[in-house]
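# Summary of structural features
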Amino acid sequence: MTIELLYVETAEEIKNRRELGLRALDDALAERFPALETVRLVLRAKYFLLEYTMAAFKTMPKCKRRGILEVVHSPEN
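Anyway, here's the lowdown on the structure attached to this text. Being a predicted model, the structure only gives us computed values, none of them experimental. (Residues numbered from 1 in each chain as written. Predicted model: local features only at pLDDT ≥ 70, side-chain atom pairs only at ≥ 80, totals over all residues. Heavy atoms only, no water.)

The strands making up a sheet are joined through hydrogen bonds of the backbone, oriented either antiparallel or parallel. Taken in spatial order, the three strands make up an open sheet running 1-2-3, and their pairing is parallel. Bordering the open sheet on either side are strand 1 (2-5) and strand 3 (69-75), each of which pairs with just one other strand. Between one strand and the next, the sheet's axes are offset by a mean angle of 20°, whatever the strand orientation. Pairing of strand 1 with strand 2 (residues 39-45) involves four bridges; the strand directions are parallel. Among the inter-strand pairings, leucine 5 is bridged to a residue of strand 2, identified as leucine 43. Relative to the sheet, helix 4 (residues 50-59) contacts strand 2 and strand 3, its axis offset from that of strand 3 by approximately 145°. (Pairing = 2+ DSSP bridges. Helix = DSSP H or I, 4+ residues; strand = E, 2+ residues; numbered from the N terminus. Axes fitted to C-alpha atoms, helices over the stretch in contact; angles between N-to-C directions. Contact = heavy atoms within 4.5 Å.)

Next comes the structure, spelled out in structure tokens:
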């Protein structure tokens, strides 16, 4: 599964669970897709900062704990 976040400018945008629903998605993936092998979170941003990855790990802890969360950077066009 690949999730793409466009135009990321701050780590707070990733942490904003209410707006993005990443925490709810994390819960749903844990409950309904236990055999899922990879969740790739693609961040489209000018810069790739460690704080973006840390924010993603905090927002999707179940996928991180299962070892299936992969955070990658894709530069904005």
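A separate point is the side chain of aspartate 26. Structurally, the position occupied by aspartate 26 is in helix 3 (residues 22-32). Separated by 2.9 Å, the side chain of aspartate 26 and the backbone nitrogen of lysine 62 make a polar contact. A polar atom in the side chain of aspartate 26 sits 2.9 Å from the backbone nitrogen of cysteine 63. For aspartate 26, the residues in contact, after removing those within four places along its chain, are Thr59, Met60, Pro61, Lys62 and Cys63. (Polar contact = N/O pair within 3.5 Å; in protein donor to acceptor, adjacent residues only side chain to side chain.)

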